[in-house]
Each structure stands twice: as C-alpha cells, then as structure tokens.
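Residues per chain are reported as follows:
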Amino acid sequence: MGTVSEPGGAGGNVNREGETPEQVVVPAAETDETSVTEEGTELERSIGLVGGLSIGVGTMIGAGIFVFPGLAAGRAGPAAAGSFAIGAVIALLVALPASELATAMPRSGGGYYFVSRALGALPGAVVGISIWLGLVFATAFYLVGFGNYAVAVLLEIGASVGDGTVVALALAFGVLLTVLNLLGTENAASLQNYVVGLLLAILLVFLTYGSLDALGVLGRSSAPETFMPFGPVPVFTTAALVFTSYLGFAQVATVAGDIKHPGRNLPLAMVGSVLLVGVLYVATVFVATSAFGSAALSGFGETAIVEVARALGGGVGATAILVGGLLATVSSANASILATSRAVFAVSKDALVPRFAGRMNLRYGTPHVALAMAGGPVLVLVALGEVEVLAEVASFLHLVMYGLICVSLIAIRRDEPEWYDPDFRVPAYPLIAGLGALASFGLIAFMQPASQVVGLAVMVVSAGWYRYYAADVSLKGVL
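Residues numbered from 1 in each chain as written. Predicted model: local features only at pLDDT ≥ 70, side-chain atom pairs only at ≥ 80, totals over all residues. Heavy atoms only, no water.

A.B. asks: Can you explain the overall build of the protein? Please cite residues and give values.
C.D. replies: Assigned secondary structure in the protein consists of 18 helices and four strands. Sorting the 479 residues of the protein into buried and exposed places 58% on the buried side. Considering only residue pairs separated by 6 or more positions, the protein has 82% of its internal contacts joining residues 24 or more positions apart. Entry remark: accessible area of the protein is about 17,900 Å², with carbon and sulfur atoms responsible for 67%. (Helix = DSSP H or I, 4+ residues; strand = E, 2+ residues; numbered from the N terminus. Buried < 20%, exposed > 50% of the residue type's maximum accessible area, 1.4 Å probe, protein only. Contact = heavy atoms within 4.5 Å. Areas by Shrake-Rupley, 256 points an atom, 1.4 Å probe, with all protein chains shown as cover.)

A.B. asks: Describe the nonpolar core, with residues and values.
C.D. replies: Counting residues in each nonpolar core, the largest one holds 149 residues, and the members touching the most others are Ile61, Phe66, Phe206, Phe243, Phe249, Leu352 and Tyr402. For this core, the element with the highest residue contribution is helix H14 (residues 304-349), accounting for 22 residues. If sequence neighbours within four positions are ignored, Phe66 has contacts with Ile61, Tyr149, Leu199, Leu203, Glu302, Ile305, Ile321, Gly324, Gly325 and Ala328. (Core = buried A, V, L, I, M, F, W, Y, C linked by side-chain atoms within 4.5 Å.)

A.B. asks: Quick one: what's the story with the packing of aromatic side chains, residue by residue and with numbers?
C.D. replies: Applying the stated criterion to the full structure yields 11 aromatic pairs. Taking the centre distance of 5.2 Å and the plane angle of 50° together, the rings of Phe84 and Tyr281 count as tilted. Of this pair, Phe84 sits in helix H5 (residues 80-104) while Tyr281 sits in helix H12 (residues 262-291); the two residues are 197 residues apart in sequence, bridging distant segments of the chain. Among the residues examined, Phe84 registers a relative accessible area of 0% and is labelled buried. Under the relative-accessibility criterion, Tyr281 is labelled buried at 0%. On the numbers, 6.1 Å between centres and 55° between planes, the contact of Trp465 with Tyr468 is tilted. Here the residue Trp465 and the residue Tyr468 both occupy positions in helix H18 (residues 449-469), the gap between them amounting to three residues, near one helical turn. Looking at Trp465, the relative accessible area reads 32%, which means it is partly exposed. (Phe/Tyr/Trp six-rings, centres within 6.5 Å; stacked < 30°, edge-to-face > 60°.)

A.B. asks: I'd love a proper account of unusual backbone geometry, names of residues and values included.
C.D. replies: In terms of backbone geometry, most residues other than glycine have negative phi values and most peptide bonds are trans. Phi angles above zero are rare outside glycine, and Ala351 is one such case at about 65°. Structurally, Ala351 is set in the loop between H14 and helix H15 (368-384). Judged by relative accessible area, which is 5%, Ala351 ranks as buried. Positive phi, close to 45°, is recorded for Glu416, a residue that is not glycine. Within the fold, Glu416 resides in the loop between helix H16 (388-415) and helix H17 (429-444). Taking the relative accessible area as the measure of exposure, Glu416 reaches 31% and is therefore partly exposed.

Put into structure tokens, the structure is as follows:
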C-alpha cells in the first residue's frame, strides 16, 4: 500500500510572472525512495525493475502480435519482420534520450516533465494535455480489444454470448482496473507482473514450437517464399504502420516517480522492454509467414495469429493464443491507466490544470482525482464505441511527444544547467537524438489524414487551454 507523508513547507515548482523562480533540488539518496512533489505530498517509490519492465512490455505486447502480423505480411511479405526491426531501432533512438532525461528528472509525468523543463510551459502543456487525452483514447481501444478477445475465448470453448457483451466486459474491467490502481500502486504493479509473466510464458511456448516447426526440426516442411516479394519500399511503409506497437516504453518514464532506484532501473526498463518486445515481434512474423504464405496470412486479417496457432496446435493452440490476447489487452489497459493518472498528476502540480487534480488519497497514497480523470473518460469512450480512429490519434500524439523528447535532450545538453546530473548519458547524443526526432516526426506523414487532423486539433486545443488558463506559468529549468 502506498503512503503519503506531509512534511510541510515544501517549495512549489511553479513560477508566475513577477515572482522569483524557486528551484527545488532533491538529493539523489532521497529520490531513490520518494518522489518529492509540491505541497509536501510524496509518491512512494514502490515499483522495481521487474515492475518497470512489466509496464513497458505489457503496454507494447498487443497489436504487434495479436493484430498486425497478417496485415503486415500482406504489405511486405516475410520482410515484415524487417519492418518490425526498423520500428525497434526507431524506438531505441527515442528510448535512449528518454532514459537520460528520466535519470536526471525521475518525476511523474515522463515526457511532459522533460519537455516542460527543457523547452518551457507551452510545449509542456501541449504534450501533457495531449498525452493525457491520447492515453485515454489508447486505453479505451485496449479495453474494447479485451472485450473482443474475451468473447472470442467464450465462443472458442462453446459458450454463448449476447449482444453488447463486448462493451459490458470492457466497461467492467475498466472500472476494476481503475479501482485497483486507486487501492495502491503496488496492487496495479503486482497485477502487471503476473499478467505479463503468464503472457510471456504463453508466447515463448508458441514461438519456440513455431520456430522449430518452421526450421523443420519437428518434421514439418515450410514452402520457401521470396523474402521481399514486393520490393524494399513496402518494408518502410509497413514500419510506419506497425510502429504503434512500440508506444509503451515511454509509459515507464511517465511513472518515473514510482520507480525505485530510478538512476539504474529507468534506463534498463525502457531500453530492455524495447529490445525484448522487438525480438518477440520479429520472431512472430517469422513463425507466421512460415506457417502460411503471405497471401493466405493476409487473408486472415487481424486474427491471423490465432489461425497460425490453430494450425500448429489445433483448438488448444488457438485457445492459448486467445487467452494471450486477453492478457495482453489487460496489461496494456492497466499500464495505460496508471500512466494516464501520473500524467494528469504532474500537469496539475504545475498548475497547468486545476490543482485539485493532484490531490492524494491519504489512505492509499494514490492520486485519486487524477485516476478518476483517467478512468472516467475511458469508460465514456468505451460506451460510445468507435475507438479505432482514436487509437491512431493516440499514436500521433505519442510521436509528437517522442520527437520533442529528443529535441529536449539536445536543448538541455546545449545549456547544461547546474542541476542537470543524469546517471545515464547517451553516447553521440546529437546524432541519436536528432535521428530520433526526425524518425518520430517523419512517421506522422504516413498516418491517415483523419488521424492527423484530429491529432493537430487536440494539440491546438491544448495550446489554447494554456493561453487561457496558465499563460503566466513558467517552468523551463525549474525542478
């Protein structure tokens, strides 16, 4: 159970025009145990390295395995494995700068906190409010996916389901996960660890068996197929499609205020989750395209991986992968609700939204108002349906944040303020951060026009809110 202490007299980190900026520098030893925030409230650091990895991996393992293999193979053939590898490289180009910034500023809010301290309150407000809404959109998408997989599992075992079951199950689990996060961060982290552990066990058995089958070790021959049947260009356009599978690693930075020993655990969790998930994605495409030709795999559409499992293991294999999809959507939704609440918490502490959003529950040590602002809109979107477009808008907003994180590292390294003392430094940072920014902004060009328009509209509204409500807030360089 989390705890909240109120030492009193803690300085605020918000500076209004005409006031002298007050910087609060927290000793490294103190930040290993608590996350010091304004008004004397503290989030207990209760998530270790395994928990951090579970948040990153659990958020990312989803569409990359349970939705995209058939779609990607239809576009790029077996070379879709290369598309996922390209996505992993781009994600690493962002994860490395994010890791350095996180070890220097291990506070809740992640990308919002980095951007606001390096580039100022206006870019920070756009990122913070946009990511709050983006994570709400993504969480609704995950919960609807959970409902669909739950119904599919019930149908696979012969149970009958009625109309509205998908939405009902999605709403029920949305409420359950929000309440679980309210009752303590340790509870949410423990659930994440167990769910991700079971999910990885299912995937490892499936991928090991499938790889041995594809290589002929089990005696089953696979028809050879040209690796790049459609040429090199579709490999890159497919990389833009599947990059949404790599959006979860930044959620580790968003909950940095809850991570134990952030100087060590934050870089390991972010970079490690990208590497682990990237390997799983590439192996999944290899197994899938070996079990079926690209054309047949494409014909299965979003359920391709279930059909691959059915071909390899019959009804038991299909049921196991359906359960895996169920676990993946639960872990993604759980991690996203946790990250959303921390984004709201950080923005409210900086007075970019009303400060009551940062109130803490003294019994459980959790930001209960922020959790309500995370879970409430999610439930409304689930009830309304039509969340698929919103999921791509979430990707748009994340890519903007990723690009600005890379720009933030370049800006803050150029000035190198006295308080900036990260435990991890990116080698050749101008090159890595520059490539990360270009890749993040560049992938936006490959998205649907509707998603681009909605994403830009969210950013404009966020900037308008800042001008209306918090134009006198100054955050650059203030800790």
